[in-house]
Amino acid sequence: MDRREFLVASGAVAAGLAFPVTPTADFKDVLATSLHKESAMPFTLPALPYDVAALDPFLTRENLELHYGKHHNAYVVNLNKFVDDGKADGTKSLEDIILSSEGPVFNNAAQIWNHTFYWNSMKPKGGGEPAGKLAEAIVRDFGSFAKFKEEFTAASVGQFGSGWGWLVVDGGKLKVTKTGNADLPLKYKQTALITCDVWEHAYYPTYKNLRPKYVEVFLASLVNWDFAAANFARV
Ligand code: MN3
């Protein structure tokens with residue numbers, strides 16, 4: 001039994017779903033092409049931008065197989081069920097569904113968006129510091145990159161229970177925010193640049209209860225500043 005057969009047998013991924021990998025592309029393109037292609041289901045699981053083992057040891061292969069193959073996939077399966085049941089409009093874009101729904105439809109649609117954004121917020125050999133205009137804006141709005149790191153760490157570690165830490169643009173200024181459960185910057189007219197998933201399922205397989213260690217490693221070795229800069233350039 002190869003890894004994929006094992007995952008299907010164990011229920012980690014639905015039969016017919018692979019771990020699709022695409023080169024890093026514009027996030028809007030990723031959402032548009034992988035979420036709304038011709039398919040029996042209106043929404044499909046967006047591709048991982050790297051191999052499922054590519055972030056090991058900072059996030060293990062097992063961690064990503066569970067998080068991407070099981071959790072992220074479940075939100076897609078659930079949203080498609082809501083479309084089948086007439087509770088969500090499958091002809092709308094994911095972002096339109098997020099902005100016009102609440103309750104379980106909102107939660108599942110927003111979690112699809114959040115997770116797709118999260119996978120793109122990391123890369124193999126990530127970390128370090130941003131360059132160019134984003135680096136200048138971080139110094140302008142936080143004082144220094146070290147101050148930004150402090151704020152981002154405090155928000156991500158301090159989010160009580162499940163949620164997300166974010167670097168966003170809000171009214172032309174960079175800001176660190178945190179949201180609970182499926183909540184996201186899109187709802188507050190903020191533009192997301194980077195996110196760190198701090199739901200326990202995001203880090204328990206690698207770090208157990210050590211959320212501060214996970215957030216430290218996220219910034220040191222995983223965060224994709226090229227993605228953040230590309231998002232910033234479009235604001
Ligand atoms: Mn998650």
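Residues numbered from 1 in each chain as written. Predicted model: local features only at pLDDT ≥ 70, side-chain atom pairs only at ≥ 80, totals over all residues. Heavy atoms only, no water.

Student: What should I look at first to understand the pattern of salt bridges in this one?
Tutor: Between side chains of opposite charge, a pair can form as their charged atoms come close. Inspection of every chain in the model, using the stated rule, returns 7 salt bridges. Its salt-bridge partner being D141, residue R140 comes within 2.8 Å of it at the nearest N-O pair. Overall, D141 belongs to the buried group, its relative accessible area being 17%. Across the salt bridge formed by D170 and K175, the nearest N and O atoms sit 2.9 Å from each other. The class for K175 is partly exposed, based on a relative accessible area of 35%. (Salt bridge = Lys/Arg side-chain N within 4 Å of Asp/Glu carboxyl O. Buried < 20%, exposed > 50% of the residue type's maximum accessible area, 1.4 Å probe, protein only.)

Student: Before we go on, may I ask you to explain the nonpolar core in this structure?
Tutor: Side chains that are nonpolar tend, in soluble globular proteins, to be buried together. Residues F148, L174, Y214, F218 and W225 are the most contacted members of the largest nonpolar core, which totals 65 residues. Among the elements that make up this core, the one with the highest residue count is helix α5 (residues 103-120) (9 residues). Both domains that meet at this core, namely domain 1 (3-12 + 19-120) and domain 2 (132-233), each give it at least three residues. (Core = buried A, V, L, I, M, F, W, Y, C linked by side-chain atoms within 4.5 Å. Helix = DSSP H or I, 4+ residues; strand = E, 2+ residues; numbered from the N terminus. Domains from an automatic or database assignment.)

Student: Honestly, the coordination of the manganese ion in this entry has me stumped. Any pointers?
Tutor: When a metal carries six donors in an octahedron, the ideal angles between them are 90 or 180 degrees, while four donors in a tetrahedron ideally lie at 109.5 degrees. Protein coordination of the manganese ion is provided by H67 (NE2), H115 (NE2), D197 (OD) and H201 (NE2), with donor distances spanning 2.0 to 2.2 Å. Expressed as a motif, the donor residue spacing for the manganese ion is H-x47-H-x81-D-x3-H. With H67 in helix α3 (residues 61-84) and H115 in helix α5, this residue pair connects regions lying 48 residues apart in the sequence. (Donors = N, O, S within 2.8 Å, 3.2 Å for Na, K, Ca; no water.)

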